[in-house]
Each structure stands twice: as structure tokens, then as C-alpha cells.
Amino acid sequence: MAEDCIIVEGGKPLAGTVQVSGAKNSVLKLMAASIMASGATTITNTPHIRDVDIMTDMLRHLGADVSLETNTLVINTSNLNSYEAPYELVKKMRASTAVLGPLIVRFGKARVAMPGGCQIGSRQMDLHFAALEALGVSFDNKHGFINASVPPSGLKATKVTLGFPSVGATENLMIVASSVPGTTVIENAAAEPEITDLAHFLGAMGANIEGQGSPVITIQGTEGFSPVPSYRTVADRIEAGTFLVAGALGGGPVEVKGLNPQHLRVPLAKLAAMGCELEITDTSVTISHEGPFVPTDIQTLPFPGFPTDLQPQFMVLNALAEGTSVITENIFENRFMFADELARMGANVRIEGHHAILSGVKRLSGAPVEASDLRAGAALVLAGLNAEGSSQITNVEHIYRGYEDLVGKLKSIGADIK
């Protein structure tokens, strides 16, 4: 059987409207958090992506009944009967570790295989362990498994200062602390919109959380959690940013609907600096562009800084800018792996440590390329939109992990893609 691939014929003008799907980086954590309460939880605006399928398999392995119809996900955890997340599922998706905290709350223990996921750099679990150990969780990690347990004396609320504003560590800590009597304070917490979304979801379950979206989160512990009758996942800001880059490459106007522009403040500022015209409402951004792009330096940082998940897409724009630009990657050390593939398409890019130096070219050239991870795959598709001739992107399983119908949505605004 031939390998699945995406083929793009470049040079087509793009214009039209794209509706943003629910956020991959949020819905997976909401799905995991549903473990905390016995009963049926409904999550709407759920994207049809491969990672949701993997998390569905995980929840079913644990004993849940899960169904997804027309972006509405129903999870019934009444018959949950396992606290083990096996390697064959965890290795497919790092977000599988999101079940660690909810299993500790539900069963008082958890056995979770050490994670896999995209090969974009080291994402150790040490921050998770240190944060949960501060509450009293015990860990005995052997043979590739994280074995967590609550001592007979129970857990104790405390103040926890994270060494880095890790999204995953903040999420697991917020979840477990919600069940611990007393007040827990998380300092240097991650502030991403997906953290806020999870906090609101936990609040709907009965948790008492304040300060989400800021570096200090305060949690008043409570006993007992209820399933959520209906909760709508926040819009995917990374998908929105990806389509805004597509609109810039294709000239536009392309309207990206159903997002919160406040979640993309820095990327929108960078697009404007690169010469794009933006029309912004409360729930949409319309982008247009003519002429060469202006080279603009970028450095990735935790929210509200520039998101690492949009760095590869913006590298495509800087590869076409009229001049030299520098991209600094501060989050994942291997995020530049795809630069060699972009160079195969004619980009003039040089990697020095965690800096990428780009000297813009007038146009890219179609070529066979391989996606090394989810966002790199999306960036290579975007590069193909500009390139002269045909581009074939392989290893596209990465893309299907996080984008709902990327090909169909691009086709709807004029791309020649299949």
C-alpha cells in the first residue's frame, strides 16, 4: 500500500472563510479530567483528530464508554475499572499523561507508562513529579512506568512554585489540588488559554479555582466531583494561526472565524509587522497581504509570548521575507528539525544552536518533503502553497493528530491540495 501523503500545487490565490475547530491542546485534557467524576460528561466543539481517537481509546481501556458524533463527545465514566495507562497507548501521544492527575483523584493511585509523542525535544516529567510530591503524592517509577499513590494520611494543601511554567505540570497539579482539603497556591503557573479552559471545566465539575490565566492560581480543595452536562471546548488558537499564515501566503482576504483574537496577541502583532493587513473583531480575524514580507525576528516564550506551536509556520513567512530574520526557539530544542526539509524547498536557513537565521528568497520550489512532527507538517503544507510546482508531504499522520480536515479547509479557500 502506498504511503499516505498530501500533495500541494503551489501558487494559487487563497480567499474565503475558515471556521476554527476546538483546541486539541484543551479537549484532550478535558477528556482526561472527566475521569474525576462518575457519570456522563458531554464536551462539545470536539475536533475530529487522531489525538482525540487515541484519548478515546485510553478512556475505553480504563473502562469508560465514549462516543463522538458531530463534534459532540459523550464520556460515561460510571464503570471505570482501571488505573493503568498502558505503553501501547501512551507512546502514541504525550498528552496521555494528562490522565495521571485524574486517576490519582479517582482511585488514589495511578500507573502510567512514560510518554512518547512528537520528537521536538525533551519534555521530562520531573516538573510533574516535584509538583505532585509537594502535595504528598508518592512516586515509584520502575520498568518504564510512573507509579503514583496517595499515602494513608492523605494529601496536604500547600504552596507550590514551579521551576518552569509547564502546561502539563500546571494541569495535573490543578486537578489533584482540587481534591485536597485546604488552600493550594501554584506560583509560576502556566497561563495558556487551555489552562483557563481546563479551570472552567473543573469549576463545572465542582472545583473552586481562582487566578487561572495568571502566574498565580489559587485552589480551594473540595470533596466529590460531578459530571458536566455540557461544556464547549475553547477554539484552537494554533489552528487559527496556521490559517492566518495560509491567508498571508495566498494573498487573501481570508477570514478566520470562531477564535478569540486575544489568544493570539503576539502572533497578530508579528503578522502586522511583516506587512499583513488585519481586520479584527471579537471572534474573527481577516488577513490580506500584497508584495514581499518584511523580515521580523521571533522568539518563542510561554503564553502570552509567541507560541512554540506557531514557530514553524512563521518560519515559512520569514523564508520569503525581503531580508534577514532570526527565530529563537526557547521551548523545544528539536523544533528546528524541519528546517532541512524547508531548505529542500529552496529556503535559505541556517541553524545555530537555538537560533534559525533566514535570508529570504522570492519563492520556494516544490519538492518531496517529510513531516517530522505535527506543526512542522502543517508548516510544510503552508510552504507548498507558495512553492512553484508540486510538493508532496509524507509522514502526514503527524498532521492528522492535531488538525481537523486541514486539506478540506484549505481547499475551501482555493488551495490546489489533495
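It should be noted that the structure appears before, not after, this text.
Quick summary incoming for the structure in this document. Bear in mind that the values here come from a model prediction, so they are computed numbers and not experimental data.

About the cut-offs
- Residues numbered from 1 in each chain as written.
- Predicted model: local features only at pLDDT ≥ 70, side-chain atom pairs only at ≥ 80, totals over all residues.
- Heavy atoms only, no water.
- Axes fitted to C-alpha atoms, helices over the stretch in contact; angles between N-to-C directions.
- Helix = DSSP H or I, 4+ residues; strand = E, 2+ residues; numbered from the N terminus.
- Parallel < 35°, antiparallel > 145°, perpendicular 65-115°, else oblique.
- Left-handed = near helix turned anticlockwise from the far one by under 90°.
- Contact = heavy atoms within 4.5 Å.
- Buried < 20%, exposed > 50% of the residue type's maximum accessible area, 1.4 Å probe, protein only.
- Pairing = 2+ DSSP bridges.
- Salt bridge = Lys/Arg side-chain N within 4 Å of Asp/Glu carboxyl O.

In the contact formed by helix 6 (residues 167-177) and helix 7 (residues 193-205), the axes pass within 11 Å of each other and the chain directions differ by 15 degrees. Classified by the angle their axes make, helix 6 and helix 7 are roughly parallel. Like other packed secondary-structure pairs, helix 6 and helix 7 cross with a definite hand, here right-handed. Across from Val167, Thr170, Glu171, Met174 and Ile175 in helix 6, the residues of helix 7 making contact are Ile195, Leu198, Ala199 and Leu202.

A few words on the pairing of strand 3 (residues 40-44). Taken across its 5 residues, strand 3 has 4 buried, putting it largely inside the fold. Bridge analysis of strand 3 against strand 5 (residues 72-76) gives 4 bridges, and the strand direction is antiparallel. Bridge pairing in strand 5 links Ala40 to Asn76. Pairing between strand 3 and strand 14 (residues 231-232): 2 bridges, direction parallel. By the bridge assignment, Thr44 is partnered in strand 14 with Arg232.

Under the criterion given, the structure shown has 10 salt bridges. Its salt-bridge partner being Glu171, residue Lys29 comes within 2.7 Å of it at the nearest N-O pair. Taken together, the residues span a long stretch of sequence, with Lys29 in helix 1 (residues 24-33) and Glu171 in helix 6 at a distance of 142 residues. Lys29 sits in the buried class, given a relative accessible area of 14%. With its nearest N and O atoms 2.8 Å apart, the salt bridge here joins Arg350 to Glu352. The partly exposed category is assigned to Glu352, whose relative accessible area is 42%. Bridged by salt links that share partners, the residues Lys24, Asp51 and Arg401 form one connected network.

Such coordinate-based values are descriptive only and should not be taken to indicate function.
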